[in-house]
Number of protein chains: 2
Amino acid sequence: MKKTIFVFSALIVALLALFQLSKYAYISRDVSVEIVIASIAIVFFLIGLYINKRTLQKEKLPDTIVNLKRVEELGISNREYEVLVQISNGLSNKEIAKKLFVSESTIKTHVSNLLVKLDAKRRTQAVQKAKQLQILAI
Amino acid sequence: MKKTIFVFSALIVALLALFQLSKYAYISRDVSVEIVIASIAIVFFLIGLYINKRTLQKEKLPDTIVNLKRVEELGISNREYEVLVQISNGLSNKEIAKKLFVSESTIKTHVSNLLVKLDAKRRTQAVQKAKQLQILAI
DNA sequence: ACGATTTTGGTACTTTAGTATGAGTCTCTC
DNA sequence: GAGAGACTCATACTAAAGTACCAAAATCGT
């Protein structure tokens, strides 16, 4: 919101500056009025392009960003979350165990807890729900 | 490209129209020059916003669209693809069987074929690979 | 330091998932 | 109408996945 205020202030300043320019312009010559108007149009057209690009790019980002607050809310621990990520990467319990340097039993415990916390019956469903809840990157 | 040409033609027409307005305006009164310039600025600013929104929205779409050509290239049949979609929705073989009105054996066959065609060892990996290949919506 | 989580691990068991193999039906094409 | 693919289904098996229950370390907040 602060940036929006700044941008609009800058716009007003630019507008006032152009007023001054235009006054000097049509005093000296008559043809330059068209040029001033054209340049105003082009400048504000470009400003419009730029601002929109900025805002739309910001709208894009939240789609892929992980909602870590929700992970806490669901009571999912750090280790459990790590396991969840590996599940979504398509790894088996044994593979996850190797990757995280623990036994397969441990992973099974984590997975069981995850299924309860995500209200899922299978790991595939857990992944689907996690992505819906935006706690996993798409 | 055709739309771009149309938009820029419209811009030129609008510019010419504003020239005419501005000429009449500063003949009658001096204050209205500022108003004309301001309105030009606002109009072109909004045009800039609009055009950019259009183009950026088009860029967004291809990210979520499914690449059906690649499904064919991998030799995945229609029925297999249906099963793949249900897997990514987190359903079990039994649930998929009910949903598609076939036996669980049939689903197992489809899944086995899918795993070979997607070069995956598990259904979770199949989903992950399918999304990487953009044959499944994210 | 103490209680509360978290993380780890085990055993024993049930349920899914996945493989291998074979085979019948159906549709489309040449 | 013969063959190719796709779809269906079954049996028998192996391999994962998941549940239930318990319990010892490790970590962390106050």
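Worth saying up front: this structure is predicted, and the values here are computed from it rather than measured.

Chemist: Pulling in residues and values, what's your account of the protein's contact with DNA strand D?
Modeler: Around DNA strand D lies a shell of 19 residues, among which A:Lys108, A:Ser112, A:Arg123, B:Ser77 and B:Ser103 are the nearest. Counted by atom, the contact set of DNA strand D within 4 Å of the protein is 66% sugar and phosphate. Take B:Ser77: an N or O atom from its side chain is 2.3 Å from a phosphate oxygen of DNA strand D. Within the residue set of the surface near DNA strand D, elements represented by two or more residues are helix H5 (93-99) and helix H6 (104-117) of chain A together with helix H4 (78-88) and helix H6 (104-117) of chain B. Split into classes, the residues belonging to the surface near DNA strand D amount to 3 nonpolar, 10 polar and 6 charged.

Chemist: Account for the packing of H4(B) against H6(B), with residues named and values stated.
Modeler: Residues and elements named next belong to chain B. With their axes 9 Å apart at the nearest point, H4 and H6 run at an angle of 90° to one another. The angle between H4 and H6 places the two elements in the roughly perpendicular class. Residues Arg79, Glu80, Val83, Leu84 and Ile87 of H4 form the contact with H6, whose participating residues are Ile107, His110, Val111, Asn113, Leu114 and Lys117. Of the residues contributing to the contact of H4 with H6, the split by class is 6 nonpolar, 2 polar and 3 charged.

Chemist: So what's going on with empty space enclosed by the protein? Which residues, and what values?
Modeler: Within this structure, the stated rule accounts for 2 cavities of 30 Å³ or more. As a volume, the second largest cavity reaches approximately 80 Å³. Around the second largest cavity, the lining comprises 13 residues; the ones closest to its centre are A:Thr124, A:Val127, A:Gln128, B:Thr124 and B:Val127. Mapped onto the lining of the second largest cavity, the elements with two or more residues apiece are helix H4 (78-88) and helix H7 (123-132) of chain A together with H4 and helix H7 (123-132) of chain B. A per-class count over the lining of the second largest cavity returns 4 nonpolar, 7 polar and 2 charged.

Chemist: Before we move on, could you go through the protein's contact with DNA strand C and cite the residues and values that matter?
Modeler: A:Ser77, A:Ser103, B:Lys108, B:Ser112 and B:Arg123 are the nearest of the 19 residues found near DNA strand C. Near-protein atoms of DNA strand C (within 4 Å) split between backbone and bases, with sugar and phosphate holding 68%. One of the side-chain nitrogen or oxygen atoms of A:Thr106 is found 3.0 Å away from a phosphate oxygen of DNA strand C. Contact between DNA strand C and B:Ser112: a phosphate oxygen at 2.6 Å from a side-chain N or O atom of the residue. Secondary structure elements with two or more residues in the surface near DNA strand C: H4 and H6 of chain A together with helix H5 (93-99) and H6 of chain B. Tallied by class, residues from the surface near DNA strand C come to 3 nonpolar, 10 polar and 6 charged.

Chemist: Can you break down H4(B) residue by residue, with the values?
Modeler: Given 3.6 residues to a turn, an α-helix orients residues that are three or four positions apart in the same direction. Where H4(B) is concerned, the buried positions are B:Glu80, B:Tyr81, B:Val83, B:Leu84, B:Gln86, B:Ile87 and B:Ser88. Next to the buried residues of H4(B) lie H7 of chain A together with helix H3 (68-73), H5, H6 and H7 of chain B. Of the residues trailing H4(B), B:Gly90 is marked for its positive phi of about 90°.

Chemist: Explain H6(A) to me, and be specific about the residues and the numbers.
Modeler: Residues and elements named next belong to chain A. A rise of 1.5 Å per residue sets the reference length of H6, with its 14 residues, at 20 Å; its end C-alpha atoms lie 20 Å apart and thus fit the reference within 8%. Among the residues of H6, those classed as buried are Ile107, His110, Val111, Leu114 and Leu115. Buried residues of H6, viewed axially, fall in a sector of 135°; they line one side. Exposed and oriented more than 90 degrees from the buried face of H6 are Ser105 and Val116. Considering only its buried residues, H6 is in contact with H4, H5 and H7. Two residues or fewer after H6 comes Asp119, characterised by a positive phi angle close to 55°.

Chemist: Describe in detail the environment of A:Lys129, supporting the description with residues and values.
Modeler: Residues and elements named next belong to chain A. You can see Lys129 is positioned in helix H7. Taking the C-alpha atoms as reference points, Lys129 and Asp119, separated by 10 residues in sequence, lie 8.5 Å from one another. Not counting the four nearest positions on each side in its chain, Lys129 is found in contact with Leu118 and Asp119.

Chemist: Describe the confidence of the model for chain A, and please don't skip the residues or the numbers.
Modeler: When pLDDT is averaged along chain A, the result is 78, and 55% of the positions lie at 70 or above. Ignoring residues within four places in sequence, the model shows residues 1-5 of chain A, a span with pLDDT below 50, making 1 contact including any to other chains.

What counts, and at which threshold
- Residues numbered from 1 in each chain as written.
- Chains lettered and ligands numbered in written order.
- Predicted model: local features only at pLDDT ≥ 70, side-chain atom pairs only at ≥ 80, totals over all residues.
- Heavy atoms only, no water.
- Near = heavy atom within 4 Å.
- Polar contact = N/O pair within 3.5 Å; in protein donor to acceptor, adjacent residues only side chain to side chain.
- Helix = DSSP H or I, 4+ residues; strand = E, 2+ residues; numbered from the N terminus.
- Nonpolar A, V, L, I, M, F, W, Y, C, P; charged D, E, K, R; others polar.
- Axes fitted to C-alpha atoms, helices over the stretch in contact; angles between N-to-C directions.
- Parallel < 35°, antiparallel > 145°, perpendicular 65-115°, else oblique.
- Contact = heavy atoms within 4.5 Å.
- 1 Å grid on protein atoms, 1.4 Å probe; cavity = no way out; pocket = protein on both sides within 12 Å on 5 of 7 lines; lining within 4 Å.
- Points joined across faces, edges and corners; volume = space filled by probe spheres on them.
- Buried < 20%, exposed > 50% of the residue type's maximum accessible area, 1.4 Å probe, protein only.
- Expected span 1.5 Å × (residues − 1).
- Arc of directions from axis to C-beta.
- pLDDT = per-residue confidence, 0-100.

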